[in-house]
Amino acid sequence: MTSLKTPLHHITAPAHVTNANVIIREDPFRGHLNLRGNPQDEAFTRAVAKVLGVALPTQPNSSAEQGTTRIYWLCPNEWLLLVAADTQAQVEADLRDALAGQHVAVTDQSSGQTLVNLSGPQVDDLMMKSTVYDCHPSNLGIGKVVQTTFAKTGAIIHKCADGSFDLVIRRSFSDYFFLWLADASQEYGLRVT
C-alpha cells in the first residue's frame, strides 16, 4: 500500500540558513470543499450552519471558524470550507442531505489544492513583496480573506489570529510556489516545518 503525500512533501529549507525569520508549514490535515448557494435564503444558511456548527460569513472578504472547520468567503454566493482531513466526504454528504431540493453546489477540491501557513518575524515583509495585494496589517486584518496572486500563481490568503498567513494554492503550482518562496525569503532566512 502506498501512502498519500502532500504536494510539498519533498521540500526542504536551503542548507545555508542559520537564522530563519520566515517559516513555512504545509497543512495536510484539511479537506477542501467549495460551496455555492444563496445567502439570502434562510433555509440555506440555517442548514449549512447546522451541518458545520458555524454560520456562513456573508461579509466580503471575511471568514468564520469553529473547531477544525474554517470558512472563507469567496464571493456573494461562494465559500471555501476547510474541514478536518478525511471528513470532507462525510461533510459533503451531510451538506447534500441538509440542502436537498435547493439550488446549491458542493464540490470536493481537496485533491486539487493545498493549504500552506507562512509565519515568522519577517513574514509581513515577505508577503508585501510577493503579492500585488497590500498585505500591510492595516489593510489585511485578522480574519480577512482575499483572492489574489502570490508571485504568478493564484492564491487565497487568510490572515490568522496569530498574525501568520494561510495560503490556499493549486496543487499544480506548489513547486513553483515553493521555489519562489525560497528565493524571495533569502534575505530573511526560511525554515520548513
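So, a few notes on the structure that sits alongside this text. Values in this document were obtained by computation on a predicted structure and should not be read as measured data.

## Here's the deal with the sheet that holds strand β3 (residues 63-66)
Moving on, step 1. Read across the open sheet, the five strands follow the order β3-β4-β5-β2-β6; overall the sheet is antiparallel. The open sheet has two edge strands, β3 and β6 (105-108), and neither has a second partner. Ignoring strand direction, the axes of neighbouring strands in this sheet form an average angle of 20 degrees.
Moving on, step 2. In terms of strand pairing, strand β4 (residues 69-75) meets strand β5 (residues 78-84) through five bridges, oriented antiparallel. Directly across from I71, in β5, lies its bridge partner L81.
Moving on, step 3. Packing against the sheet, helix α2 (residues 88-98) makes contact with β2 (30-36), β5 and β6, and its axis sits at approximately 170 degrees to β6.

## A look at the nonpolar core
Grouped burial of nonpolar side chains is what soluble globular proteins tend to show.
Moving on, step 1. Among the nonpolar cores identified, the biggest contains 24 residues, and L118, M127, F150, L167, F177 and L181 are the most heavily contacted of them.
Moving on, step 2. Considering each element in turn, this core owes the most residues, five residues, to helix α4 (residues 174-184).
Moving on, step 3. Aside from chain neighbours lying at most four places away, what touches L167 is T114, L115, V116, L118, M127, F150, A155, I156, I157 and F177.

## Looking at the packing of helix α3 (residues 123-130) against α4
Moving on, step 1. Running from N to C, α3 and α4 point in directions that differ by 120 degrees, and their axes come no closer than 11 Å. Judged by the angle between their axes, α3 and α4 are oblique. The chirality of how α3 crosses α4 is right-handed. Here L126, K129 and S130 of α3 come into contact with α4, specifically with W180, L181 and A184.
Moving on, step 2. The residue makeup of the contact of α3 with α4, split by class, is four nonpolar, one polar and one charged.

Conventions adopted
- Residues numbered from 1 in each chain as written.
- Predicted model: local features only at pLDDT ≥ 70, side-chain atom pairs only at ≥ 80, totals over all residues.
- Heavy atoms only, no water.
- Pairing = 2+ DSSP bridges.
- Helix = DSSP H or I, 4+ residues; strand = E, 2+ residues; numbered from the N terminus.
- Axes fitted to C-alpha atoms, helices over the stretch in contact; angles between N-to-C directions.
- Contact = heavy atoms within 4.5 Å.
- Core = buried A, V, L, I, M, F, W, Y, C linked by side-chain atoms within 4.5 Å.
- Buried < 20%, exposed > 50% of the residue type's maximum accessible area, 1.4 Å probe, protein only.
- Parallel < 35°, antiparallel > 145°, perpendicular 65-115°, else oblique.
- Left-handed = near helix turned anticlockwise from the far one by under 90°.
- Nonpolar A, V, L, I, M, F, W, Y, C, P; charged D, E, K, R; others polar.

As far as function goes, none of this settles anything; it's purely spatial.
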